[in-house]
Amino acid sequence: MAETPKADPDIRIRREDSLIKMVFEPTAKGAHIAEVVPFTLNDPEYPALLVLWVVDLGGTKVPLQVLTYDHETKTYIDGTEEVFQGRVPKADNPRAASIFGTDKGLGIVIANTGLDRAPFSRATNTLILPTGDGHLKDASRMLPQDLQFSHDVSTGVINERGDIGIYINSMYVPEYFIMRGEKLIDASADYLPNAIHRDDKKFTASELADVNGDGFADLILGSSDEHNWRSVIYLNNGSGRFDRGGPSELPRTPFPERKLQFVDRTVGGTVVDIQRMKLDEAQPYDDLLVTSNDAYMGYATQILRNDGHGEFTDVTAQLIQGDAKSYFNNTSKPYTWQLRAIVFDHGSGPDILTKSEARFEVPSYVFGNNGDGTFGVDASVVGSAITNAGSFGGTNMLIRLVDSTDIVLTDYPAH
């Protein structure tokens, strides 16, 4: 794997550099921002911004925050109290969020890790539902209150009725729910294959995507350790039950097996994020974008092309130009990796954004679509993490984190 390409020179950016002014404060003392998730609430031009905060490495429940756009002052402000009906939900070290549609508006489910160091005390997860009148409510008590060590979450339509499947990647006991109207059904025991209930197989990433074009989401699971088990796909039988034959396997990550410097064992690559995408917008099935790391000392971004029947081929070398798609740290210093990838389609095909988890050593990237199915680096940024992108008043912007507590909206790179 190649050395990390040099990033652009804007090592620091100040809050006043944001294209839209941002006025907000952390929701807890010492908190920093884990993620910013844009979603449509009451304003079709300016998305609301869900801000996920965390203190240290978790272990403390921190209130969520929703920033809304004030047209009079042309500023994003803290609209949390106005948005939520009743109590404001909390999260403990939120690792991922997934947005899904309901008859009343958009719902959000958040996977919480809790304390990410010994004694790994775990946490409950967070569920937010729309009220139907433009507000949101905390529905977390609908989820099991058993403490979990959750690393990812994914949602998708699973049957003709339009029910929503919710899969949460707990590292101990996988959780799978079916959202049917306003009712949440715990389907973990009856609808998941017996093989993934075993404690010796752990999956750090998931995606509910339609891999065979039948209109229903199938379950893709990303391995936490490819040395011991592979990433797999379980097909939906049409009712939301993932037992349609045995699993097929995803192509491996590009990492070799090697011994961890932290503990005396051999490990393979770890899949940390899976996102569905369509390389051809006319196709009825999904391709996949995979982010992985090598014992937190390197990263890889992979594009997996679907043959339309759920068999995938790694086409990264053909589609992503240059060396930025992968990196291996040859030193002994850990935590030079990427946490997440985002697929952002701004009308001329999908672009790929990657979020660095080692902001001053590994850049965040924008891989722009060249229009011929290939991707090139349109931007590389150190000193801040690209956490998302969105359309704001008709203008595409990057959502970036600075110093872990500031959000800036900057120009989306022209291709």
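Everything below is about the structure printed above this text.
Residues numbered from 1 in each chain as written. Predicted model: local features only at pLDDT ≥ 70, side-chain atom pairs only at ≥ 80, totals over all residues. Heavy atoms only, no water.

### Section: the sheet that holds strand S18 (residues 232-234)
How we decide: In this description, strands pair whenever DSSP reports at least two bridges between them. Labels follow the DSSP assignment, with helices taken as runs of H or I lasting at least four residues and strands as runs of E lasting at least two, numbered in each case from the N terminus.
Pairing in this open sheet of four strands is antiparallel, and the strands run S16-S17-S18-S19 from one edge to the other. Both outer strands of the open sheet, strand S16 (203-209) and strand S19 (248-249), are each paired with one neighbouring strand and no more. Note: S18 against S19, two bridges, orientation antiparallel. The partner of isoleucine 233 across the bridge, within S19, is serine 248.

### What to know about the pairing of strand S17 (residues 218-223)
A regular strand places its side chains so that they alternate between the two faces of the sheet. Let me state the cut-off plainly: Burial classes follow relative accessibility: with a 1.4 Å probe on protein chains only, a residue under 20% of its type's maximum area counts as buried, one over 50% as exposed, and anything between as partly exposed.
Of all six residues in S17, six are buried, a share of seventy percent or more. Side chains Asp218, Ile220 and Gly222 project from S17 onto one buried face, and the interleaved Leu219, Leu221 and Ser223 project onto a second face that is buried too. Strand direction decides the pairing type here: S16 and S17, joined by six bridges, are antiparallel. Looking at S17, one finds that alanine 209 is bridged to aspartate 218. Alignment of S17 against S18, held across three bridges, turns out to be antiparallel. Note on S18: the bridge partner recorded for leucine 219 is tyrosine 234.

### A short note on empty space enclosed by the protein
Spelled out, the test is: Points on a 1 Å grid over protein atoms alone make up a cavity when a 1.4 Å probe fits among them but cannot get out, and a pocket when they form an open set with protein on both sides within 12 Å along at least five of seven lines; lining residues each have an atom within 4 Å of a point. Grid points are joined across faces, edges and corners, and a volume is the space filled by probe spheres set on the points. Asp, Glu, Lys and Arg are counted as charged, while Ala, Val, Leu, Ile, Met, Phe, Trp, Tyr, Cys and Pro are counted as nonpolar; the rest, among them Gly, fall into the polar class.
Counted by the stated rule, this structure contains two cavities of 30 Å³ or more. Taken as a whole, the largest cavity holds about 80 Å³ of empty space. If you go around the largest cavity, you meet twelve residues; those closest to its centre are Ser170, Pro174, Ile196, Lys201 and Phe203. A total of three residues in the lining of the largest cavity trace back to one element, the largest contributor, which is strand S13 (residues 164-170). Computed from the structure, the second largest cavity encloses a volume of approximately 50 Å³. Lining of the second largest cavity is provided by Gly222, Ser231, Leu250, Pro251, Thr253, Val271, Ile274, Val290, Gln302 and Leu304. At the level of elements, strand S22 (270-277) and strand S24 (298-306) are the ones that each hand at least two residues to the lining of the second largest cavity. Here the residues of the lining of the second largest cavity sort into six nonpolar, four polar and no charged.

### Regarding the packing of aromatic side chains
This is how the line gets drawn: Pairing of aromatic rings covers Phe, Tyr and the six-membered ring of Trp, with a centre-to-centre limit of 6.5 Å; geometry is then stacked below 30 degrees between planes, edge-to-face above 60, and tilted otherwise. Whether a charge sits over a ring depends on NZ of Lys or CZ of Arg being within 6 Å of the ring centre and within 35 degrees of the ring normal.
Scanning the model with the defined rule gives twelve aromatic pairs in all. With centroids separated by 3.8 Å and ring planes inclined at 10°, the aromatic side chains of tyrosine 46 and tyrosine 69 adopt a geometry described as stacked. Linking tyrosine 46 in the loop between strand S2 (31-39) and strand S3 (48-55) with tyrosine 69 in strand S5 (residues 65-70), this pair joins segments that are 23 residues apart in sequence. There is no split in this pair, since tyrosine 46 and tyrosine 69 are both buried. With 5.5 Å between their ring centres and 35° between their planes, tyrosine 365 and phenylalanine 367 make a pair best called tilted. The pair tyrosine 365 / phenylalanine 367 is uniform in exposure class, with both members buried. Here the aromatic cluster, defined as three or more aromatic residues joined through ring pairs, consists of Tyr46, Tyr69, Tyr76 and Phe392. Taking the ring centre of tyrosine 172 as reference, the NZ or CZ of arginine 122 above it sits at 3.8 Å. Between arginine 241 and the ring centre of tyrosine 191, over which it is positioned, the NZ or CZ distance is 4.3 Å.

### Observations concerning the layout of surface pockets
A volume near 1500 Å³ is recorded for the largest pocket. Taken together, 42 residues form the lining of the largest pocket, with Arg95, Asp116, Tyr296, Tyr335 and Trp337 sitting closest to its centre. Among the elements that make up the lining of the largest pocket, the one with the highest residue count is S2 (four residues). When the residues that make up the lining of the largest pocket are grouped by side-chain class, the tally is 22 nonpolar, nine polar and eleven charged. As a volume, the second largest pocket reaches approximately 1100 Å³. Surrounding the second largest pocket, 50 residues form its lining, Gln275, Ile342, Val343, Phe344 and Asn388 being those nearest its centre.

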